[in-house]
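A closer look at the structure
One-letter residues, chain by chain:
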Amino acid sequence: MLVEPATGLLIAGKYKLLERIGVGGMSEVYQAENVLIGRVVALKLLNPAQAGDRNQSARFFQEAQSVSRIRHPGLVDILDAGQGETGPYIVMEYLRGESVARVLARLGKLTVAAAVGTMLPVLDALSAAHEAGIIHRDLKPENIFYSIDERGELVVKLLDFGIAKMLWPAAPTPRTSTGVVFGTPDYLSPEQANGEVVLNGRSDLFAVGVVLYELLTGTRPFHAPTTVATAYKIAHARTPLLRDNGGPNEPTIDAILQRALAKRPDERYPSAAEMAREIATLCTPQEMERALLSVVEPAAANSVSGVRSRNDFQVVPSRTNKGIGESWSEPPPAENPRIGDTRPSLDFVPRRPTPPRLSRPPAEVPTRESALHTPTPTPASLGRSLPARFVGQCHARGIVLRAFDQYLLKSFGPVSRNGIIESLGPAAVDDLVQGTVQAIVYYDLDLVTRYIERATTNLCRGNPAWCRMAGEASVTGELAQVLKMALRPDHFSTILRRLVPVLSRLFDFGIWEVEGGEKLSTVRVADFEPASLGLRMWLVGVIEGSLAACDANTLVTISRGEAAFAPQLVLDVSPRY
């Protein structure tokens, strides 16, 4: 006959319950002592009322099986498991420190460096879990823990694989009824909220996006008063910008969150490793370490027997796992990052019947290369500029430069923006600072390229995602009058046919064509080699923003040309279902 757990009870002849430290819907966690060796442990007990249910008992032990299969330093060690006086139990290492939920309750929100430093180890642990065929399914601040070990090292731990799902179990797993939703409502992915049975690791990455958003704003992006209303917002509402909820004005992070929180799984990051590599570029390891140490409550830190002073803590990086550990210690350069698209680049794009092409604009339009072209700077000082063979030969209208400039000014402020302008050389300063860049006049593309690359390197840590957001913002900003006649509600293929001729006239290079029908349209730009990655991202943002302005619920993906100075750019536009 099972007994109720209570302080002082001896479980399985060796685990003495000391104090209850946590309680959940199906289990309780006690601080306990292994009386045989004198070690303090955490003992998780299945509620006696459920201990007689074979399916619940099997699900309870699944946590031990899941974590044992992964074996990762960012997960709590499972020391033992078995049947005791109260029913099934799991013995885990005892952690000292604070949960992220407690830190949020105390501080309200975290800095960018602290948030990134928290989520990188979580992504590392998730990557290991996904490799082992295990989905967590209940990621939230309560299940992320700042643990301080006996050596005084701070380690971020991912907890509670109690409702984890094995993708390829080695043995029969507990049955799950069709339509049963597991997880905490605010952190569910749209497919979880809809009760879908088939899930993959991208459901966890959606939860990572929710937690990262909450760390930076103190609020959850899709919270509503009821569970049903929350599920509806998760499935249908657009992700609010960080600044809309009191978070930082960080376009790069907003772009990362937009991808992580995409409604369709195939629009999110393809793996935890990929997402980790991208957010690792936001801060240096030193910034993350200092920020993490500043969030730990001194009382929590000092609860560790013999621990060093708080200022002497060390942050232990995650394991090396397909580049994630490398990203923690030395972020890789953001070479050809995949922003907002999970489709692989194609080595070959099948040709369809070629529609009439849109010619490049007339050559007699005046240019300003003599006034605004400055000597090409060295790569070491200004990053990638336009290849020499295109300097003075390719141009963009001033409205493109103005669109980038206005977004930079609004997002980063005049001091940062003026610093970028000054680095371009004196010829560029007057027109940009005084606001006399002429919309219709062609400017040397080298100036536009260096402006984009300098801003990306200096203000956005090498991540060109801001360019995509600048393009979307320009639809209601600098380009509003130019696009006015093209942006009328219609089928997306018709909108594209009105839009593409306008976009083609922004440059004096590139051969533009649009083709497609009801379910797929393709925008193809040949001879587009002079366009940098940032400029390509800006164009994608313009198209996305234009379609959104017409209430066209569409997905824009780059199927070819997602690299700087590639020969062509191919975009597929399809409806979201």
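As shown above, the structure is provided for reference.
The structure displayed is predicted, hence computed values, not measured ones.

Reading the values: the criteria
Residues numbered from 1 in each chain as written. Predicted model: local features only at pLDDT ≥ 70, side-chain atom pairs only at ≥ 80, totals over all residues. Heavy atoms only, no water. Helix = DSSP H or I, 4+ residues; strand = E, 2+ residues; numbered from the N terminus. Buried < 20%, exposed > 50% of the residue type's maximum accessible area, 1.4 Å probe, protein only. Contact = heavy atoms within 4.5 Å. Areas by Shrake-Rupley, 256 points an atom, 1.4 Å probe, with all protein chains shown as cover. Phe/Tyr/Trp six-rings, centres within 6.5 Å; stacked < 30°, edge-to-face > 60°. Lys NZ or Arg CZ within 6 Å of the ring centre and 35° of its normal. Expected span 1.5 Å × (residues − 1). Bend = angle between axes of the 7 residues up to and from the residue. Core = buried A, V, L, I, M, F, W, Y, C linked by side-chain atoms within 4.5 Å. Pairing = 2+ DSSP bridges. Polar contact = N/O pair within 3.5 Å; in protein donor to acceptor, adjacent residues only side chain to side chain. Salt bridge = Lys/Arg side-chain N within 4 Å of Asp/Glu carboxyl O. Axes fitted to C-alpha atoms, helices over the stretch in contact; angles between N-to-C directions. Patch = residues over 30% accessible without salt bridge, like charges linked within 9 Å, V, L, I, M, F, W, Y side chains within 5 Å. Parallel < 35°, antiparallel > 145°, perpendicular 65-115°, else oblique. Left-handed = near helix turned anticlockwise from the far one by under 90°. Nonpolar A, V, L, I, M, F, W, Y, C, P; charged D, E, K, R; others polar.

1. Focus: the overall build of the protein
The number of helices and strands found in the protein is 21 helices and 18 strands. By residue count, 56% of the 577 residues in the protein fall in the buried class. A separation of at least 24 residues holds for 70% of the contacts in the protein among residues at least 6 apart in sequence. Counting every atom, the protein has about 24000 Å² of accessible surface; 53% of that belongs to carbon and sulfur.

2. Considerations on the packing of aromatic side chains
The description of two aromatic rings rests on the distance between their centres and on the angle between their planes. Tallied over the entire structure, the rule returns nine aromatic pairs. Here a set of aromatic residues connected by ring pairs shows up, and it is made of Phe404, Tyr407, Trp466 and Trp538. A cation over a ring is seen here: Arg259 above Tyr269, with NZ or CZ 4.3 Å from the ring centre. Above the ring of Tyr442, the side-chain terminus of Arg397 is found at 4.7 Å from the ring centroid.

3. Remarks on helix 15 (residues 398-423)
Turn by turn, an α-helix covers 3.6 residues, leaving residues three or four places apart pointing in a common direction. End to end, helix 15 covers just 19 Å across 26 residues, shorter than the expected 38 Å (1.5 Å per residue, more than 12% under). The sharpest bend along helix 15 reaches about 125 degrees and sits at Gly413, with the proline Pro414 one to four residues further on. Immediately downstream of helix 15, the backbone of Gly425 shows phi near 115 degrees, a positive value.

4. Quick look at the nonpolar core
Soluble globular proteins tend to pack their nonpolar side chains together in the buried interior. Ranked by internal contacts, the top residues of the largest apolar core, which has 70 residues, are Val400, Trp466, Phe507 and Trp538. Residues contacting Val400, with those up to four places away along its chain left out, are Val448, Leu506, Phe507, Leu535 and Trp538. Formed by 64 residues, the second largest nonpolar core is a distinct cluster that contains Ile148, Tyr187, Leu282 and Ala291.

5. Here's the deal with helix 18 (residues 465-474)
Burial analysis of helix 18 places eight of its ten residues in the buried class, the great majority of the element. For helix 18, the complete set of buried residues consists of Ala465, Trp466, Cys467, Arg468, Met469, Ala470, Gly471 and Ser474.

6. Concerning the sheet that holds strand 1 (residues 10-11)
Pairing in this open sheet of six strands is antiparallel, and the strands run 1-2-3-4-6-5 from one edge to the other. Every interior strand has two partners, whereas the edge strands, strand 1 and strand 5 (78-84), have only one.

7. Regarding the pairing of strand 15 (residues 511-516)
Note: strand 15 against strand 16 (residues 521-526), six bridges, orientation antiparallel. Among the inter-strand pairings, Val514 is bridged to a residue of strand 16, identified as Val523. Connecting strand 15 to the antiparallel partner strand 16 that follows it, the hairpin turn spans four residues.

8. Some points on the side chain of Ser474
By the element assignment, Ser474 lies in helix 18. A polar contact is formed between the side chain of Ser474 and the backbone oxygen of Gly471, at a distance of 2.6 Å. Setting aside anything within four residues of it in sequence, one finds Ser474 in contact with Ala403, Leu479, Ala480, Trp538 and Val542.

9. A look at the pattern of salt bridges
As enumerated under the stated definition, the model contains 22 salt bridges in all. The residue Arg461 makes a salt bridge to Glu287 at a minimum N-O spacing of 3.5 Å. Here Arg461, found in the loop between helix 17 (445-459) and helix 18, pairs with Glu287, found in helix 10 (residues 285-295); they are 174 residues apart in sequence, far enough to count as distant. Taking relative accessible area as the criterion, Glu287 reaches 26% and is therefore assigned partly exposed.

10. What about the sheet that holds strand 18 (residues 569-575)?
Spatial strand order, 15-16-18-17: four strands in an open sheet with antiparallel pairing. Edge positions in the sheet fall to strand 15 and strand 17 (554-560), since each has one partner strand and no second. The mean inter-strand angle of the sheet, taken between neighbouring strand axes irrespective of direction, is 20 degrees. Note: strand 16 against strand 18, five bridges, orientation antiparallel. Across the sheet, the residue bridging to Ser521 is Val573, located in strand 18. The strands touched by helix 21 (residues 533-549) within the sheet are strand 15, strand 17 and strand 18, with strand 17 carrying the most contacts at an inclination of about 155 degrees.

11. Details of unusual backbone geometry
Phi at Ala12 takes a positive value of approximately 55 degrees, unusual for a residue other than glycine. Judged by its relative accessible area of 34%, Ala12 is partly exposed. For Asp527, which is not glycine, the phi dihedral falls at a positive 50 degrees. Tracing the chain through its elements places Asp527 in the loop between strand 16 and helix 21.

12. A short note on a nonpolar patch on the surface
There is a patch of nonpolar side chains on the surface, built from Leu10, Val35, Leu36 and Ile37 and spanning about 390 Å² of accessible area. You can see Ile37 is positioned in the loop between strand 3 (27-34) and strand 4 (39-46).

13. Remarks on the pairing of strand 10 (residues 153-158)
Counting buried residues along strand 10, six of its six residues qualify, which places the element largely inside the surrounding structure. With five bridges joining them, strand 9 (residues 144-148) and strand 10 adopt antiparallel strand pairing. From the neighbouring strand, Ile148 faces strand 10, where its bridge partner is Leu154. Hairpin connection, strand 9 to strand 10: the antiparallel pair is bridged by four residues, and Gly152 has positive phi, about 80 degrees.

14. Observations concerning the environment of Glu214
One can find Glu214 in helix 6 (residues 201-217). A relative accessible area of 8% means that Glu214 is categorised as buried. Glu214 sits 33 residues away from Gly247 along the chain, and the two C-alpha atoms are 9.1 Å apart. The residues touching Glu214, leaving out its near neighbours within four places in the chain, are Leu104, Pro141, Tyr187, Thr219 and Arg220. Reaching out from Glu214, the side chain makes a polar contact with the side chain of Tyr187 at a distance of 2.5 Å.

15. Topic: the packing of helix 20 (residues 492-504) against helix 21
Two elements in contact, helix 20 and helix 21, have axes whose closest approach is 11 Å; the angle formed by their N-to-C orientations is 135 degrees. Relative to helix 21, helix 20 is oriented oblique. The chirality of how helix 20 crosses helix 21 is right-handed. The segment helix 20 lies against helix 21, with Phe492, Ile495, Leu496, Leu499 and Leu503 engaging Val542, Ile543, Ser546 and Leu547. Classifying every residue of the contact of helix 20 with helix 21 gives eight nonpolar, one polar and no charged.

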